[in-house]
Amino acid sequence: MAAPFLIGEAMTGGYGPVDILHGCTIAVEKGQIAVIVGPNGAGKSTAMKAVFGMLNLRGGRVLLDGEDITKLTPQARVRKGMGFVPQTSNIFTSMTVEENLEMGAFIREDDIKSTMAQVYDLFPILKQKRHQSAGELSGGQRQQVAVGRALMTQPKVLMLDEPTAGVSPIVMDELFDRIIEVARSGISILMVEQNARQALDIADKGYVLVQGTNRFTDTGQALLADPEVRRSFLGG
Amino acid sequence: MDILNALVAFLNFVFVPAFGYGCQLALGALGVTLIFAVLRFSSFAHGDTMAFGTVMAIGFTYVLQANGITFGPLPTALLALPFAILCTALMLLGTDRLVYRFYRKKRVDPIIVTIASVGVMFVMNGINRLIPWGGVEEINFADGSRFLMEAAAFKEMTGLKEGLAIKTTTAVTVVTAALCVAALFWFLQKTRTGKSMRAFSDNEDLALLSGINPERVVQVTWIIVAALATIAGVLYGLDKSYRPFVYFQLLLPIFSAAVVGGLGSPLGAIAGGFVIAFSEVMVTYAWKKVAGYLFPADWLGDGLLQLLSTDYKVAVSFAILLLVLLVKPTGLFKGK
């Protein structure tokens with residue numbers, strides 16, 4: 001089997017002197033969805049941030065399409081084709097929806113109109129509200145702006161840190177549908193989710209982290225079927 | 001009752017001077033607010049930046065005049081502006097390199113940078129006084145025609161007892177300020193660089209994730225601040241006169257204007273400039289003349305109907321600043 005498109009291999013590290021990740025490995029194949037789940041404090045977001053270069057690794061490496069990017073800054077990784085949607089303050093609240101998307105495409109020198117049209121196709125509500133200030137939108141719509149902004153760089157891999165935090169179940173289902181759509185267009189998705197059951201349901205690959213290490217790794221469906229995963233992490 | 005003469009007297013002694021002064025404060029406050037929005041600190045050196053820009057413009061004005069170049073009825077200093085802005089921009093970028101960048105890299109608390117700017121203020125204060133053609137004395141560098149409309153001509157034209165004089169420098173101030181504000185808003189709303197400045201001000205981390213280069217945003221901000229400060233200083237100097245100490249004192253009304261409007265909000269800075277200017281002029285104006293046209297003479301008594309002597313005009317901005325901070329700290333236009 002070929003090496004995965006993006007892999008954080010045996011990552012060890014944390015924000016300060018204390019390690020949060022202990023040899024944790026996260027990978028995603030081209031055009032697939034990988035989901036990181038696990039209990040609170042398991043290091044899910046930290047693992048994601050490590051892959052994106054937001055903390056220094058003391059061990060392990062990150063490969064994107066076979067290239068070692070362990071030493072690159074997050075900004076440089078954006079230029080390499082990685083998009084990241086943080087969990088909070090992930091939009092420019094004082095700017096309009098359209099300006100948010102324009103800022104997402106800041107590093108691009110070419111015409112961004114077609115990408116913007118694609119984002120509007122994906123999230124029709126944003127087209128309607130494109131001249132409205134993003135801070136005035138509802139929670140679900142803000143998340144759409146956030147994802148749209150990250151898509152504007154035409155990333156090869158999109159990383160989402162709890163995209164459904166704080167939105168209603170209906171909006172959550174819709175967001176997941178959109179995420180599947182994005183993956184079908186060939187973009188790899190790596191996301192951290194609190195709603196483990198729903199997230200694993202759409203995942204090609206699932207990672208269950210506990211205390212900074214891989215506890216279970218399998219396809220989403222297999223994890224959902226695994227009685228031990230169900231009992232420990234999915235509430236029966 | 002003579003409403004027309006009262007109105008003309010009001011326009012001549014209150015409205016026109018306050019409007020011009022308001023424009024100058026607004027430009028100054030725009031600089032303070034931009035620094036706050038993008039660089040996230042209150043720059044106490046802004047009054048001295050204005051003084052530096054003005055003294056540079058005075059230098060270039062002398063050079064132009066010595067070479068026989070003037071601007072017809074308009075002040076020669078306007079021609080000197082681009083050169084003066086360039087000097088001020090270089091000075092500010094140099095200061096950023098020497099002082100502010102160090103703190104930015106360390107991501108220190110804004111208050112520390114603010115205190116550092118107090119140090120910059122003292123240094124600038126000294127440098128401004130050492131400039132050979134500047135010094136500490138008052139300098140009048142306005143040339144060209146003095147009045148757009150003279151009081152006598154107005155009286156003749158309208159047959160009113162009160163005259164309305166409009167100084168060329170006041171008219172120049174209003175027009176220049178309007179052009180500057182229009183250009184600034186166009187830049188912030190429509191250009192890629194302007195939008196990236198707003199994005200950086202709104203959410204620094206996300207701006208970084210979007211590939212916006214913070215150092216470039218900071219540089220562009222300093223250049224715009226240099227332009228605004230120089231223009232504000234030159235307009236004030238043309239309208240009144242240049243003296244480093246007076247410019248240093250301008251810091252208070254400018255800060256009040258920025259805070260009244262809401263720190264970080266460009267619209268607020270403009271509104272705040274006018275609020276402060278009109279308050280200062282109206283509180284320190286002797287209303288006896290205007291009132292004399294409106295009310296019978298025996299109602300008025302002997303007083304000048306002046307709330308505060310002009311010596312205390314600084315107290316007005318200070319009082320407004322305190323009031324705003326106590327009652328509505330975010331200012332009129334929801335700053336930060």
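Caption draft 1: Structural context of the overall build of chain B. In terms of helices and strands, chain B carries 13 helices and two strands. The C-alpha radius of gyration computed for chain B amounts to 21 Å, which stays within 12% of the reference 20 Å derived for 336 residues, consistent with globular compactness. Of all 336 residues assigned to chain B, the portion counted as buried reaches 45%. Of the contacts formed within chain B by residues at least 6 apart in sequence, a portion of 76% connects residues at least 24 apart.

Caption draft 2: Local environment of the overall build of chain A. Within chain A, the secondary structure is distributed over 10 helices and 10 strands. For a compact globule of 236 residues, the expected C-alpha radius of gyration is about 18 Å, and chain A comes in at 17 Å, within 12% of that figure. Counting over 236 residues, chain A shows a buried share of 46%. Here the contacts in chain A between residues at least 6 apart in sequence split such that 68% fall between residues at least 24 apart.

Caption draft 3: Representation of the interface of chain B and chain A. Facing the 12 residues of chain B at the interface are 17 residues of chain A. Counting residues per element, the ones that place at least two in the side of chain B that touches chain A are α7 (192-202) and α8 (204-209) of chain B. Element by element, the count of residues in the side of chain B that touches chain A is highest for α7 of chain B, at five residues. Classifying every residue of the side of chain B that touches chain A gives five nonpolar, four polar and three charged.

Caption draft 4: Main features of the packing of helix α2 (residues 46-66) of chain B against helix α10 (residues 244-261) of chain B. Residue and element names in this part refer to chain B. Where α2 contacts α10, the axes come no closer than 7 Å and their chain directions differ by 140 degrees. If you check the angle between α2 and α10, you find them oblique. You can see that α2 and α10 cross each other, and the crossing is right-handed. The segment α2 lies against α10, with His 46, Gly 47, Asp 48, Met 50, Ala 51 and Thr 54 engaging Pro 244, Tyr 247, Phe 248, Leu 250, Leu 251 and Ile 254. When the residues that make up the contact of α2 with α10 are grouped by side-chain class, the tally is eight nonpolar, three polar and one charged.

Caption draft 5: Up close: the environment of Asp 111 of chain A. Topologically, Asp 111 of chain A is positioned in the loop between α3 (97-104) and α4 (113-122). Between the C-alpha atom of Asp 111 of chain A and that of Ile 125 of chain A, which follows or precedes it by 14 residues, the distance is 23 Å.

Caption draft 6: Seen up close, the sheet that holds strand β5 (residues 67-68) of chain A. All names here are of chain A. The strand order across the open sheet formed by four strands is β2-β1-β4-β5, and the pairing between neighbours is antiparallel. Looking at which strands have only one partner, the edges of the open sheet turn out to be β2 (21-28) and β5. When strand β4 (residues 57-64) meets β5, the two strands line up antiparallel, connected through two bridges. Bridging from a neighbouring strand, Leu 64 pairs with Glu 67 of β5.

Caption draft 7: Layout of helix α7 (residues 169-184) of chain A. Residues and elements named next belong to chain A. Over its 16 residues, α7 extends 23 Å from the first C-alpha to the last, a length consistent with the 22 Å expected when each residue adds 1.5 Å. For α7, the set of buried residues is Met 172, Phe 176, Ile 179, Val 182 and Ala 183. All buried residues of α7 project into a common sector of 115 degrees when viewed along the axis, lining one side. Pointing more than 90 degrees away from the buried face of α7 are the exposed residues Ile 170, Asp 177, Glu 181 and Arg 184. Among the structural elements, β3 (33-37), β7 (157-161), β8 (188-192) and α8 (196-202) are those in contact with the buried residues of α7. Backbone geometry just downstream of α7 places Gly 186 in the positive-phi region, at approximately 100 degrees.

Caption draft 8: Expanded view of the sheet that holds strand β6 (residues 82-85) of chain A. Residue and element names in this part refer to chain A. Spatial strand order, β6-β7-β8-β3-β9-β10: six strands in an open sheet with mixed pairing. Each edge of the open sheet carries a strand with a single partner, namely β6 and β10 (213-218). Strand-to-strand twist of the sheet, defined as the mean angle between neighbouring strand axes without regard to direction, takes the value 15 degrees. Bridging between strand β9 (residues 205-210) and β10 involves five bridges; their strand directions are antiparallel. Considered in β10, the bridge of Val 210 is made with Thr 213. Against the sheet, helix α6 (residues 139-151) makes contact with β6 and β7, and its axis sits at roughly 165 degrees relative to β6, the strand it touches most.

Caption draft 9: Structural detail: unusual backbone geometry. One non-glycine residue, Gln 154 of chain A, lies in positive phi territory at about 55 degrees. Within the fold, Gln 154 of chain A resides in the loop between α6 and β7.

Caption draft 10: Up close: the nonpolar core. Counting residues in each nonpolar core, the largest one holds 166 residues, and the members touching the most others are Ala 34, Ala 47, Met 159, Ile 189 and Leu 190 of chain A together with Ala 26 and Leu 228 of chain B. Ranked by the residues each element gives to this core, the list is headed by helix α1 (residues 3-39) of chain B, at 18 residues. The contact partners of Met 159 of chain A, leaving out residues within four places of it in the chain, are Met 48, Val 51, Phe 52, Met 82, Gly 83, Phe 84, Val 85, Leu 190 and Met 191 of chain A.

Caption draft 11: Local environment of the pairing of β8 of chain A. Residue and element names in this part refer to chain A. For β8, the buried fraction is high: five of the five residues fall into the buried class. Taking every second residue as pointing to the same face, both faces of β8 are buried, with Ser 188, Leu 190 and Val 192 on one and Ile 189 and Met 191 on the other. One ladder, built from four bridges, connects β3 with β8; its direction is parallel. When the bridges of β8 are listed, Ala 34 appears paired with Leu 190. Two elements, β7 and β8, share five bridges in a ladder whose sense is parallel. Paired with Leu 158 across the bridge in β8 is Ile 189.

Caption draft 12: How the structure looks around the packing of α10 of chain B against helix α13 (residues 313-327) of chain B. Residues and elements named next belong to chain B. Between α10 and α13, the least distance of the axes is 9 Å, while the angle of their chain directions is 30 degrees. The orientation of α10 with respect to α13, classified from their angle, is roughly parallel. Between α10 and α13 lies a crossing whose hand is left-handed. Contacts between α10 and α13 involve Gln 249, Leu 252, Pro 253, Phe 255, Ser 256, Val 259 and Val 260 from the former and Val 314, Ser 317, Phe 318, Ile 320, Leu 321, Val 324 and Leu 325 from the latter. Residues that form the contact of α10 with α13 fall into these classes: 11 nonpolar, three polar and no charged.

Criteria and thresholds
- Residues numbered from 1 in each chain as written.
- Chains lettered and ligands numbered in written order.
- Predicted model: local features only at pLDDT ≥ 70, side-chain atom pairs only at ≥ 80, totals over all residues.
- Helix = DSSP H or I, 4+ residues; strand = E, 2+ residues; numbered from the N terminus.
- Rg over C-alpha atoms; globule rule 2.2 N^0.38 Å.
- Buried ≥ 20, exposed ≤ 12 C-beta atoms within 10 Å, placed from the backbone.
- Contact = placed C-beta atoms within 7 Å.
- Nonpolar A, V, L, I, M, F, W, Y, C, P; charged D, E, K, R; others polar.
- Axes fitted to C-alpha atoms, helices over the stretch in contact; angles between N-to-C directions.
- Parallel < 35°, antiparallel > 145°, perpendicular 65-115°, else oblique.
- Left-handed = near helix turned anticlockwise from the far one by under 90°.
- Pairing = 2+ DSSP bridges.
- Expected span 1.5 Å × (residues − 1).
- Arc of directions from axis to C-beta.
- Core = buried A, V, L, I, M, F, W, Y, C linked by C-beta atoms within 7 Å.

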